[in-house]
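# Tertiary structure, described
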Amino acid sequence: MSMRHFLDLNQIDKADLRAMIDQAKAIKKKPQDYRRLEGKVLALVFEKPSTRTRVSFEVGMLELGGDVVALTGAEMQLGHGETLGDTARVMSRFVHVMMVRTFEPTKLTEMAKAASIPIINGLTNDSHPCQVMADIMTFEERVGPITGRRITWVGDGNNNILASLIHASAAFGFKITIASPADLAPLAELVAWANSNGGHVAAGEDPFEAAEGSDAIVTDTWVSMHDKDVARRHSLLEPYRVTSKLMSAAAPGAIFMHCLPAHRGEEVTDDVIDGPQSVVWDEAENRKHAQKAVLLWCLGREKA
C-alpha cells in the first residue's frame, strides 16, 4: 500500500473522501465501536498555535485507543538546524502517524516525502482540509447530501479554508459562489482547476448576489496569523460582514458556518453566530469525529 498522507483534498481519491465522511458519521453515533488504534501513537506538531486542532486530535486519538505526543515549534525548532526531512525520518522511528500544523505548505510536503509514516495536514497558510471534512459532515447532518448543493463564501478569497472548500467542490460535486473584494479575489488557477475537475466555482464581488438561493454561507476571520496588512484588510472586507440581512438572502433553511475562532462584530454579527441558522458549534465538535476517520484511513484501520 502506498503511504496514506492526508495533505490536501485534491490529492486523495474521491471515493476515499466520501468513505471518510460516512465513517465519521458512524463514529459519532457509536464511538465505542471504533477503538482500533490501541498501541498506536500520534505526534502533534504545532508551529502554529491552536485550541480546536490540538484538543480534537488529542481526544480523538485517545478515544480510538491510541496515545498522543504533542510538540510545539519552539520545542522542535522546526526547520532550524536539523532538516525537515531528517526530523520526519527520526519521528518515523518513534510514532505511527504525525499531524503537522505549520505556515508554509512546502514544509509539510518535504516532511511527507521523507517520512515512513502518514503525515496529516493540520493547517497551512494555503489549506485546511481537516476543517473542511468536518464542515461537509456538518452540512450533511443539517441540510442533507452536499452533492449538487450551493455554498456561498463571503470574505477573503485567498483564505486557506476556501482553498480546501474549492478542492472539496471537485471531490463532492457541490457549487461554490465566492463574494470577495477584487483585491482579495481567489486565485484564478485554483478556480479553473476546480471547474475542470468536477467542481463548479464562480467568483464575484457582490455578497448579496452570491448568497441568493444558497444552502450555506461560510466565512472566516478577516486577518489570519500570517497576514500583516491589518488595516487595509479591515477596510476592504467591511462590506462583507455576515449579517441577518445577508442570511435572509440565502435559501430557506440555509445554515451559517465558521471554522472559529470568530471575531464577533467583524466578519459576523452576534445575532447570526448565536442564531438558529448557525452550526458553528457542531462544526467544532465534528472536527473530532472527522479526524478520527482520517486517522483510521491513514493507518489502514478504517475497516474492522
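Right above here is the structure, for reference.
We now turn to the structure provided with this report. (Residues numbered from 1 in each chain as written. Predicted model: local features only at pLDDT ≥ 70, side-chain atom pairs only at ≥ 80, totals over all residues. Heavy atoms only, no water.)

Another aspect to go through is the pairing of strand β2 (residues 67-72). Of the pairings in the sheet, the one linking strand β1 (residues 41-46) to β2 comprises 6 bridges and is parallel in character. In the sheet register, Val41 faces β2, and the bridge partner there is Asp67. Following the chain from β1 across helix α2 (residues 52-63) to the adjacent parallel β2, one finds a crossover that is right-handed. (Pairing = 2+ DSSP bridges. Helix = DSSP H or I, 4+ residues; strand = E, 2+ residues; numbered from the N terminus. Right-handed = clockwise from strand over helix to strand, strands pointing away.)

All right, on to α2 then. Its 12 residues place the ends of α2 16 Å apart at the C-alpha level, agreeing with the 16 Å of an ideal helix rising 1.5 Å per residue. Within α2, burial applies to Thr53, Ser56, Phe57, Gly60 and Met61. Down the axis, α2 shows its buried residues gathered within 120 degrees of arc, on one side only. Tucked inside the fold, the buried residues of α2 contact β1, β2, β3 (97-101), β4 (119-123), α6 (129-142) and α13 (280-298). Looking one or two residues beyond α2, the residue adopting positive phi is Gly65, at roughly 100 degrees. (Expected span 1.5 Å × (residues − 1). Buried < 20%, exposed > 50% of the residue type's maximum accessible area, 1.4 Å probe, protein only. Arc of directions from axis to C-beta. Contact = heavy atoms within 4.5 Å.)

Hydrogen bonds between backbone groups are what pair the strands of a sheet, and the pairing can be parallel or antiparallel. Ordered in space as β7-β6-β5-β8-β9, the 5 strands form an open sheet in which the pairing is parallel. On the outer flanks of this sheet lie β7 (200-204) and β9 (255-258), each paired with one strand and no other. Neighbour to neighbour, the strand axes of the sheet diverge by 20 degrees on average, direction disregarded. Of the strand pairs in this sheet, strand β5 (residues 150-154) and strand β8 (residues 216-219) are connected by 3 bridges, and their pairing is parallel. Paired with Ile151 across the two strands is Ala216, which belongs to β8. Packed onto the sheet, α6 meets β5, β8 and β9 and runs at close to 165 degrees relative to β9. Strands β5, β6 (175-179), β7 and β8 of the sheet are contacted by helix α7 (residues 160-172), whose axis makes an angle of about 150 degrees with β6. (Axes fitted to C-alpha atoms, helices over the stretch in contact; angles between N-to-C directions.)

Moving on: the packing of helix α1 (residues 14-29) against α7. Direction vectors running N to C along α1 and α7 enclose 100 degrees, while the axes themselves pass 9 Å from each other. In terms of orientation, α1 and α7 fall into the roughly perpendicular class. Two secondary-structure elements touch here, α1 through Lys14, Leu17, Arg18 and Ile21 and α7 through Ala170, Ala171 and Phe172. By residue class, the composition of the contact of α1 with α7 is 5 nonpolar, no polar and 2 charged. (Parallel < 35°, antiparallel > 145°, perpendicular 65-115°, else oblique. Nonpolar A, V, L, I, M, F, W, Y, C, P; charged D, E, K, R; others polar.)

With that settled, the discussion passes to the nonpolar core. Membership of the largest hydrophobic core comes to 58 residues, with the highest contact counts inside it found for Phe6, Leu17, Met20, Ile120, Phe172, Phe174 and Leu295. Excluding its chain neighbours within four sequence positions, the residues that come into contact with Met20 are Phe6, Ile12, Met133, Ala293, Val294 and Trp297. Counting residues in hydrophobic clusters, the runner-up holds 21 residues, among them Ala179, Ala210, Val242 and Met247. (Core = buried A, V, L, I, M, F, W, Y, C linked by side-chain atoms within 4.5 Å.)

Turning next to the packing of α6 against α7. For the pair α6 and α7, interaxial distance at closest approach is 9 Å and the crossing angle is 55 degrees. Put simply, α6 runs oblique to α7. Note that α6 runs across α7; the crossing there is right-handed. Between α6 and α7, the contacting residues are Pro129, Gln131, Val132, Asp135 and Ile136 on the first element and Ile161, Ser164, Leu165, Ala168 and Phe172 on the second. In terms of residue class, the contact of α6 with α7 is built from 7 nonpolar, 2 polar and 1 charged. (Left-handed = near helix turned anticlockwise from the far one by under 90°.)

In this section: a negative patch on the surface. Together, Glu205, Asp206, Glu209 and Glu212 make up a negatively charged patch on the protein surface. Its location among the elements puts Glu205 in the loop between β7 and α9 (207-211). (Patch = residues over 30% accessible without salt bridge, like charges linked within 9 Å, V, L, I, M, F, W, Y side chains within 5 Å. Areas by Shrake-Rupley, 256 points an atom, 1.4 Å probe, with all protein chains shown as cover. Salt bridge = Lys/Arg side-chain N within 4 Å of Asp/Glu carboxyl O. Lys, Arg positive; Asp, Glu negative; His and termini not counted. Charge placed at Lys NZ, Arg CZ, Asp CG, Glu CD.)

All right, on to the sheet that holds β1 then. Strand order in the open sheet made by the 4 strands is β2-β1-β3-β4, with parallel pairing throughout. Edge strands, defined here as strands with exactly one partner in the open sheet, are β2 and β4. Between one strand axis and the next, the sheet turns through 20 degrees on average, direction left out of account. As paired elements, β1 and β3 share 5 bridges and run parallel to each other. Of the residues in β3, the one forming a bridge with Leu42 is Val97. Across the sheet, helix α5 (residues 105-114) lies against β3 and β4, angled at about 170 degrees from β4, the strand it touches most.

What follows covers the environment of Val95. In this fold, Val95 is placed in the loop between α4 (84-94) and β3. When its relative accessible area of 8% is taken as the criterion, Val95 is described as buried. Between the alpha carbons of Val95 and Leu42 there is a distance of 6.1 Å; along the sequence they are 53 residues apart. Leave out the neighbours within four places in its chain, and Val95 touches Val41, Ala43 and Ile117.

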